[in-house]
Amino acid sequence: MKMTLLDIDDLTIRYSTGHDTITAVDSVSLEVGENEFLGVVGESGCGKSTLGLSIIGLLPPNSQVQGSMIYKETNLAKLDQNAMKRYRGTEIAMIFQEPLTSLNPVYRVEDQIAEAVVVRKIRKESGEKVTGEIMQKVYKTKGIHIPSRVPSLRRRISQELRDEVTHWLNLVRIADPEQVLERYPFELSGGMRQRVMIAMALSQEPALLIADEPTTALDVTTQAQVLKLMREPMDKVNTSIILVTHDLAVASQVADRVVVMYAGQIAEDAEVHDFFSRPMHPYAKALLNCIPNGTKNDSTLSAIPGSVPDMMNPHHGCQFAPRCPHVMDKCNMTQPGLIADQKNHKVACFLYDNPASDLI
Amino acid sequence: MNQLSKDKRLQTAKIGSFLTLIKKKKKATVGAVIVAAFLLTAIIVAITNALGIQVTPYGPLQQNTGPVLSPPSFSHIFGTDLVGRDVFSRIIAATPNDVSVGVSVVAAAFLLGILIGSIAAFKGGLFDELLMRFTDVIFALPALVIAMVIAVALGPGVLNMMIALMIIWWPPYARLARGEALKIFHQNYIEAARISGMRAWKIIVTHVVQNIIGTMLVYATLDIGTVILMYAGLSYLGLSVRPPYPDWGEMVSSFKDYIITAPWLPLAPGFIIAANVVGFCLLGDGVRDALEEG
Amino acid sequence: MKEGRISVNIVSFVLRRLSFSVVVLFSVVTITFVLSHHLGGNIVAAWLGKTASLHPELARLYTEKYHLDAPIWVQFYYYIVGLLHGDFGYSPSRGFLPVLTVIGETLPFTLQIVLIGFIISMGLGIFLGMISARYRNTPIDGGIQAFYLAGYSSPPFFMALILLIIFADIFRLLPSGGAFDPNLAMPTSIIGIPLLDSLIEGNWAFFISALAHVLLPAAALALVTFGVVTRLLRSSLLEVMRTNYIRTARAKGLDEDVVFYKHGLRNALIPIVSLSSIILTWLITSTIFVENVFAYPGIGQYLVTALFDQDYPAILATAIVFAIVIVLGNLVVDILYAVVDPQIRLG
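Predicted model only: the values in this text are computed from it and were never measured. (Residues numbered from 1 in each chain as written. Chains lettered and ligands numbered in written order. Predicted model: local features only at pLDDT ≥ 70, side-chain atom pairs only at ≥ 80, totals over all residues. Heavy atoms only, no water.)

Caption draft 1: Molecular detail of the overall build of chain A. Counting its secondary structure elements, chain A contains 11 helices and 13 strands. Looking at chain A as a whole, 54% of its 360 residues are labelled buried. Contacts in chain A between residues at least 24 apart in sequence constitute 64% of all its contacts with a sequence separation of at least 6. For chain A, the accessible area works out to roughly 16400 Å², and carbon and sulfur atoms hold 51% of it. (Helix = DSSP H or I, 4+ residues; strand = E, 2+ residues; numbered from the N terminus. Buried < 20%, exposed > 50% of the residue type's maximum accessible area, 1.4 Å probe, protein only. Contact = heavy atoms within 4.5 Å. Areas by Shrake-Rupley, 256 points an atom, 1.4 Å probe, with all protein chains shown as cover.)

Printed below as a string of structure tokens:
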């Protein structure tokens, strides 16, 4: 039985913009187990990215968080930036959607990954504050700083650090890591940059890695490669991954568990095979229908009629009701709660509101 | 003809919206008030000079209007100089010099720049390349130094200063115009080719002006301030208006030795120069901020 | 990958900038030559100044030496040759000393002001830029904006006068003129710049005096020019701190200080390097006025007196020297920019 790493309970996140308040995440509850690969799937604006950002504490300043996120007996939702910092770089790491702009353009790859490693070492081994001076000591750099192609003239990171950085680059299957180390981000392709980001995040040996649409900006082939190398290291490192994506197909390839979000709420939460063999929520079923088959028989692409609800003025009852083919009167009056069955396949829909099912 | 009248309407619309923008931000309004004050003074002084009427409390050349080197007082707002002339009157009288140089140099640079930029874009090829290199070289020349040398060669006087500055001031406008013209050129090339050569040329220029006017006006407003500072510098060096005729920069220069004994003498004209430039800066910045807020 | 091979890009970049600089300097020389034919009516007068009529034998000597009766192309050729040999003519306003000698005596002092002025301007500009970014849209930000607006709207001579009356008269903190206390001995010439020479030599008395005398003129230059640096850094910082790579840096668990200085500021300062060539040009040109107000014996003061005395050889020569200093300064900054931005260097 896997241990629960992260227990999110009744999490609600609101943004205030001037006079309006948007509820991005609405009473979300879910669990992430150790060494589990969780796929959080939903359309743009359903709150999945906000959920990811809130776990690592990088929400914008105008946001309010209610509820709890218990990670190793601490409620992350209650921590301020200073306290949160101690989790980043050791326990929790995140990679983002735009690989082209997520790396600092003026530092080489080796410097950026080495920095991540150094933070990990300082935090995990000494628990001290990560100041510039302490970082310098761990870097053990020598030589004067001349930007140059001639490695012996430049300030280099210590050989020990270099070896470790190379190890992480190898883990993400970068051929010729010695070359890539020397490169600046602008010299690398989008796919390469994303691999570097993944290597950098993994090098901090986090217990939890959040990946926010890491493959959206990449072409299909690279996408497949990147997904594979996110999945692979899981055997070697004891990390849980939360993959946030709008693409169900992507989640199906790599996730252990799938959570479907709609309008800030969880619609369905199930183990991956169970989900794809018997999807329960009407929205989830519709999403599965939307995936193009790739065969000649699939001549028309199906779309879900209607549009995503206005998050500033949410209406009563189930948010999906206006677009649901099975809508009942009940659906427009009250919110359906999340109900689980024997296989821990959870769904929030009145269709399944059966006295025979177990309630959470 | 239809096209031209449409353009005229767009132009007037742009001027109207310019006024709205000014009202939008406090910065711009304050700047506009200051600029208007200086412009008005310049125009009034220029006209009354031509007509032979005196508007200032005392004649700018009139000596012994009060005790020599007297400090500011009710009758002499900025005091008197060492031959008893009223400093305030002289400052007012010198207003048209700086203001006219500022406005005319920028206007000429604007027009010249659009002309050169449009021609370069239109002709293209090696001609364009050479013309742009030429523009870059002129732009790289140290402005004050070259203007000064030209001014020495041309001789003293406001008009000569204007010419000296106009010769070197146009490059940024040319670059801007050329960039815009290239965009238009690519878009409308086919259409322009259908009409005869001359008409295409006119259309390009009109389009360029239309598209540029927003950015250009902001830049030009700030630029007027820069020209005024440069002209004040040339005047300080004694290259423009010669005594006994008043000019702001020249007044500071001839009285700088009195900074301790009669500080109002060099500080008053200096302050007026700064105030004038501040006005243009506030106006330009304010309009730019208003435009960015959209 | 071949170690030790310098990127082709930076070499071609430097060459391009260098050749452009040469073209600019050549244009300046041509302009001064052409204009020298329109000064004082008579070309000989241009070279001798208004004293031409008093010294007919000198006039003949000049005509021979500079080939002033030959066609214009020949004259131009000898003009260039002369310049390359350091022959800038003789200065009537300085008792017919060779212009180059006078320039040699005065240039170091100008460089002192420009150097200190540059340091203060960039330092103040960057410092206030960081503060106004940190406290944006607060009264502090507004106050800083008002301060630098007053600065760059002031003609340099006005700023110099204000500083003079405040610090040299009302508060009597700093001297009001000259470059150093004339009773002190000059340091030996190592670099050629007295302020730095005295520092290297350990000649503290001279150094303190020279520094005290350079402070007000340099401050005048700085107060006029720092504003654009502040404004640019403010917007650059605000933009940089919103980028994705800053978010990544925070996600890595770095302290906010490290995020700000190592990741944020390092990127935000890149456009400032570019701006510094404009600042440098502005400083060098403004020094003409500031030296005049403080009676500082630099090349600017030489130019002002030359204008007054109609010393045309001096006017033209100082114009060329100013151009040289400006072009060289810009070249150095351009190269520095390539060092600072890896995309220029390697891309």
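Caption draft 2: Seen up close, the overall build of chain C. From N to C terminus, chain C includes 15 helices and two strands. When each of the 347 residues of chain C is scored for burial, the buried share is 53%. Here the contacts in chain C between residues at least 6 apart in sequence split such that 72% fall between residues at least 24 apart.

Caption draft 3: How the structure looks around the sheet that holds strand β5 (residues 74–75) of chain A. All names here are of chain A. Taken together, the four strands give an open sheet; going across it, the order is β2-β1-β4-β5, and neighbouring strands pair in antiparallel fashion. What marks the edges here is a single partner per strand, and that holds for β2 (20–33) and β5. Direction of pairing for strand β1 (residues 4–17) relative to β2: antiparallel, over a ladder of 10 bridges. Considered in β2, the bridge of I8 is made with L30. Helix α1 (residues 48–56) contacts β1, β2 and β4 (63–71) of the sheet and is inclined by roughly 110° relative to β1. (Pairing = 2+ DSSP bridges. Axes fitted to C-alpha atoms, helices over the stretch in contact; angles between N-to-C directions.)

Caption draft 4: Structural context of the interface of chain B and chain C. With 37 residues of chain B at the contact, the number on the chain C side is 38 residues. Both sides of the chain B and chain C interface together cover about 3200 Å² of buried area, and 86% of this is carbon and sulfur. One can count one salt bridge joining chain B with chain C. For the salt bridge of D285(B) with R231(C), the shortest nitrogen-to-oxygen distance reads 3.9 Å. On the surface where chain B and chain C come into contact, there are one residue pair in polar contact (both at pLDDT 80 or more). When residues of the side of chain B that touches chain C are traced back to their parent elements, those giving at least two are α4 (125–140), α5 (143–154), α8 (197–236), α9 (248–255) and α10 (264–293) of chain B. (Buried area = accessible area lost by both parts, 1.4 Å probe. Salt bridge = Lys/Arg side-chain N within 4 Å of Asp/Glu carboxyl O. Polar contact = N/O pair within 3.5 Å; in protein donor to acceptor, adjacent residues only side chain to side chain.)

Caption draft 5: Up close: the packing of aromatic side chains. If you walk through the whole model with that rule in mind, you get 22 aromatic pairs over all chains. Between Y71(A) and Y87(A), the ring centres sit 5.9 Å apart and the planes meet at 80°, which makes this aromatic pair edge-to-face. With a gap of 16 residues between them, Y71(A) in strand β4 and Y87(A) in the loop between α2 (81–85) and β6 (92–95) connect regions that are remote in the sequence. Pairing F255(B) with Y258(B) gives two aromatic rings, centres 6.1 Å apart and planes at 75°, and the pair type is edge-to-face. Residue F255(B) is classed as buried on the basis of its relative accessible area of 8%. Given the relative accessible area of 24%, Y258(B) is considered partly exposed. An aromatic cluster is present here, built from Y262(A), Y283(A) and F320(A) joined pairwise through their rings. For the cation-ring pair, R175(B) lies above F139(B), with the distance from its terminal atom to the ring centre recorded as 5.0 Å. Between R247(C) and the ring centre of F96(A), over which it is positioned, the NZ or CZ distance is 4.0 Å. (Phe/Tyr/Trp six-rings, centres within 6.5 Å; stacked < 30°, edge-to-face > 60°. Lys NZ or Arg CZ within 6 Å of the ring centre and 35° of its normal.)

Caption draft 6: Just the packing of α5(B) against helix α14 (residues 312–340) of chain C, in detail. With their axes 10 Å apart at the nearest point, α5(B) and α14(C) run at an angle of 160° to one another. It follows that α5(B) is roughly antiparallel to α14(C) by the angle criterion. Crossing of α5(B) over α14(C) shows left-handed handedness. Judged by residue contacts, V145(B), M148(B), V149(B) and V152(B) of α5(B) engage Y312(C), I315(C), L316(C), A319(C) and F322(C) from α14(C). Here the residues of the contact of α5(B) with α14(C) are counted per class, giving nine nonpolar, no polar and no charged. (Parallel < 35°, antiparallel > 145°, perpendicular 65-115°, else oblique. Left-handed = near helix turned anticlockwise from the far one by under 90°. Nonpolar A, V, L, I, M, F, W, Y, C, P; charged D, E, K, R; others polar.)

Caption draft 7: Broad picture of the pattern of salt bridges. Residues and elements named next belong to chain A. Counted under the stated rule, the structure contains 31 salt bridges over all chains. Residue E110 is joined to R162 by a salt bridge in which the shortest nitrogen-to-oxygen separation is 3.3 Å. Highlighted residues: E110 in helix α3 (residues 109–126) and R162 in helix α5 (residues 159–171), separated in sequence by 52 residues. A salt bridge links K121 to E164, with the nearest nitrogen and oxygen atoms 3.9 Å apart. One end of the pair, K121, is in helix α3; the other, E164, is in helix α5, with 43 residues separating them in the sequence. The structure contains a network of salt bridges with shared partners spanning R120, K121, E160, E164 and E205.

Caption draft 8: Up close: the environment of V23(C). Along the polypeptide, V23(C) turns up in helix α1 (residues 8–36). Counting along the chain gives 87 residues from V23(C) to T110(C), while the straight-line C-alpha distance between them is 25 Å.

Caption draft 9: Representation of the layout of surface pockets. Of the volumes computed, that of the second largest pocket is approximately 970 Å³. Lining the second largest pocket are 28 residues, and of these R136(C), M241(C), R242(C), R250(C) and E256(C) sit closest to its centre. Elements supplying a minimum of two residues to the lining of the second largest pocket: α2 of chain A together with α5 (99–134), α9 (204–240), α10 (244–251) and α11 (256–268) of chain C. Residues that form the lining of the second largest pocket fall into these classes: 13 nonpolar, five polar and 10 charged. (1 Å grid on protein atoms, 1.4 Å probe; cavity = no way out; pocket = protein on both sides within 12 Å on 5 of 7 lines; lining within 4 Å. Points joined across faces, edges and corners; volume = space filled by probe spheres on them.)

Caption draft 10: Layout of a nonpolar patch on the surface. All names here are of chain C. On the surface, I190, I191, L199, I200, W204 and I208 cluster together to form a nonpolar patch covering roughly 620 Å² of accessible area. Mapped by element, the contributors of at least two residues to the nonpolar patch are α8 (194–201) and α9. Of note, I200 is situated in helix α8. (Patch = residues over 30% accessible without salt bridge, like charges linked within 9 Å, V, L, I, M, F, W, Y side chains within 5 Å.)

Caption draft 11: Quick look at the side chain of T248(C). Residue placement: T248(C) occurs in helix α10. Once residues within four sequence positions are removed from consideration, T248(C) is found in contact with F96(A), S102(A), M197(A) and M200(A).

Caption draft 12: Here's a closer look at the domain arrangement of chain A. Residues and elements named next belong to chain A. Taken as a whole, chain A is organised into domain 1 (1–102 + 207–309 + 347–360) and domain 2 (106–183). Each partner contributes to the interface: domain 1 provides nine residues, whereas domain 2 provides seven residues. Regarding the contact of domain 1 and domain 2, the summed buried area is about 760 Å², with carbon and sulfur atoms giving 61% of it. In this assembly, domain 1 and domain 2 are joined by zero salt bridges. For the pair domain 1 and domain 2, the interface holds two residue pairs in polar contact (both at pLDDT 80 or more). (Domains from an automatic or database assignment.)

Caption draft 13: Representation of the confidence of the model for chain C. Residues and elements named next belong to chain C. Counting all residues, the mean pLDDT for chain C is 84, and 90% of those residues have values of 70 or more. The secondary structure element of chain C with the lowest average pLDDT is helix α2 (residues 43–48), at 61, and the one with the highest is helix α6 (residues 139–153), at 94. A low-confidence stretch, residues 1–6 stays under pLDDT 50, and its non-local contacts, those more than four residues away or across chains, total five contacts. Model confidence for the complex: the whole-complex pTM is 0.86, and ipTM, which rates the interface, is 0.87. (pLDDT = per-residue confidence, 0-100.)

Caption draft 14: Here's a closer look at the state of the cysteines. A complete count under the given rule lists zero disulfides over all chains for this structure. In this structure C324(A) is not part of a disulfide, and its nearest cysteine sulfur, from C349(A), lies 6.0 Å away. (Disulfide = S-S within 2.5 Å.)

Caption draft 15: Summary view of the pairing of β1(A). Residues and elements named next belong to chain A. As consecutive antiparallel partners, β1 and β2 are separated by two residues, and within that stretch G18 has a phi angle of approximately 65°, a positive value. Pairing of β1 with β4 involves eight bridges; the strand directions are antiparallel. What sits directly across from L6, in β4, is Y71.

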